[in-house]
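# Summary of structural features
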Amino acid sequence: MSWRPTYRSSKFRNVYGKVANREHCFDGIPITKNVHDNHFCAVNSKFLAIVTESSGGGSFVVVPYGRIDPRHPKVCGHQGNVLDIKWNPFFENIIASCSEDTSVRIWEIPEEGLRRNMTEAVLELYGHSRRVGLVEWHPTSSGILFSAGYDYKVLIWNLEVGEPVKMIDCHTDVILSMSFNTDGSLLATSCKDKTLRLLEPRSGRQANCKNHRVNRVVFLGNMKRLVTTGVSRWNTRQIALWDQEDLSMPMVEEEIDGLSGLLFPFYDADTHMLYLAGKGDGNIRYFEITTEKPYLQYLMEYRSPAPQKGLGVMPKHGLDVAACEVFRFYKLVTLKGLIEPISMIVPRRSDTYQEDIYPMTPGVEPALTASEWLSGINRDPVLMSLKEGYQRAEQLVFKAPPREKKNLVVNGIDLLENIPPRTENELLRMFFRQQEELRRLREELAIKDVRIRQLELELNNLKNVGPNNV
């Protein structure tokens, strides 16, 4: 695709990227060297969370803005490497993590941040039989979490009771990404089996699918369109725009470049801007999505010599509206142990509030409870204005269900039957239980073999004793 700019009427044509001053960056953090294709970073208006390099299990640090503890207290309860972290969009001190130890955990961070290492989660969720690579919060419900594992399954968790309520098992390989539409009634997934799927998560029904070499997928707000990134048949990086009602052929399909790093898409539904950032790249391209041809309009490119391992994104209510900031990345630079904020700014001469670039945006109040969503109700996000600055009307309190051992049966399958051991002692106990079970089954089999031989002899005797011998 030719990125020669075509000058058209757009208020975002001159958007530029601005790196934060050194005092507003976060350095000295041992960013993980894990090669899993995730961002290893989660951002909200209160905390910055980064997955770190550590021995003896997975961990991540939580840094409150304005206070940096040089000791970097960690959240470190997982037995395996942490693969993904996500802040709850409605409870700003609740974060979900998943790891190689097959678990998903929910953590409650103190309002003032961590003063010491945290090892106790408020919820430990077990249901996957292999490592868990993705977690994603529902966009409108306060207590619904999705997790995707290397067992090719997506589990839907109701955190009001701490249990999985649905299992989606239509995938035939590792799930690479998940994205929701605006009200959370549809789920789009990309998979290693080269299939783009559109699912109705509550029923598990596959609404649409398409074989395509897709790595990442994202919904374009309420435009009823999808954007995917992947590779072409010539192994060049490409982007495609899809109509969610018809996945038979992309509306637009354009090659980007010949680099090998994975392309991460980020979409801003308020400005209809799409950002593309490659893993290992130093640049971020951005486009405007339109309802008319050519649909995808190239705007500009932010360039930097430092390669990015991952990127976190600040929610809208955390942006600086006085500076006309419309998007903010938190770039992970592994070699420097540095997290670098990058603000995308619309140049304006006026200091007044710019209503045309800050429409009503999804806020921090949930539209539904978990029970309401599970019953089949859909609602759009509760919107808020950024004009008066972000102010939460009341502090929501996350209530974790009481801990008790339960049988987790979803779709008639006990999910806890195949969970692998997490410690050496558990491994030994499982080994001896299996050995005892094998011994018992062999004894039963031997008894049944003897009984089978007895019955065969009786049958032969009956055959030999004919009617003439009676």
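The following refers to the structure shown. Along every chain, residues carry numbers that run from 1 in the direction the sequence is written. Under the rules for a predicted model, residues below a pLDDT of 70 receive no local features and side-chain atom pairs below 80 are neither given nor counted, while totals for whole chains, interfaces and linings still include all residues. Side-chain metrics rest on all non-hydrogen atoms present in the structure, leaving aside hydrogens and water.

## Structural notes on the overall build of the chain
In this text, helices come from DSSP runs of H or I with a minimum length of four residues, and strands from runs of E with a minimum of two, each type numbered from the N-terminal end. Scanning the chain from N- to C-terminus turns up two helices and 33 strands. The classification of residues rests on relative accessible area computed with a 1.4 Å probe and restricted to protein chains. Under 20% of the type maximum is buried, over 50% is exposed, and intermediate values are partly exposed. Taking all 470 residues of the chain together, 52% fall into the buried category. Accessible surface computed for the chain: about 23100 Å², of which carbon and sulfur atoms make up 50%. To measure how exposed things are, a 1.4 Å probe is used in the Shrake-Rupley method; for residues, cover is taken only from the protein chains shown.

## So, a nonpolar patch on the surface
The patch calculation keeps residues exceeding 30% relative accessible area without a salt bridge and links them within 9 Å when they carry like charges or within 5 Å when they are nonpolar (Val, Leu, Ile, Met, Phe, Trp, Tyr). Throughout this description, the term salt bridge denotes a Lys or Arg side-chain nitrogen within 4 Å of a carboxyl oxygen of Asp or Glu. A cluster of nonpolar side chains, contributed by Leu428, Phe431 and Phe432, occupies part of the molecular surface with about 310 Å² of accessible area. For leucine 428, the position within the fold is in helix H2 (residues 424–464).

## Regarding the pairing of strand S21 (residues 237–243)
Most of S21 is tucked away: six of the seven residues are buried. Pairing of strand S20 (residues 225–231) with S21, which is carried by seven bridges, proceeds in the antiparallel orientation. Residue pairing for S21: glycine 230 is matched across the bridge by glutamine 238. Here, any two strands with at least 2 DSSP bridges between them count as paired. Where S20 hands over to S21, the hairpin turn is made up of five residues, of which asparagine 235 adopts a positive phi near 60°. Bridge count for S21 against strand S22 (residues 252–257) is five bridges, and the pairing is antiparallel. For alanine 240, the partnering residue across the bridge sits in S22 and is glutamate 253.

## What about the side chain of histidine 128?
With respect to the helices and strands, the residue histidine 128 is situated in the loop between strand S10 (123–126) and strand S11 (132–137). Polar contacts, as counted here, are pairs of nitrogen or oxygen atoms within 3.5 Å of one another; within protein the pair requires one atom able to donate a hydrogen and one able to accept it, and residues that are adjacent in sequence qualify only if both atoms are side-chain atoms. Among the polar contacts made by the side chain of histidine 128, one reaches the side chain of serine 147 at a distance of 2.8 Å. At 3.2 Å, the side chain of histidine 128 forms a polar contact with the side chain of aspartate 151.

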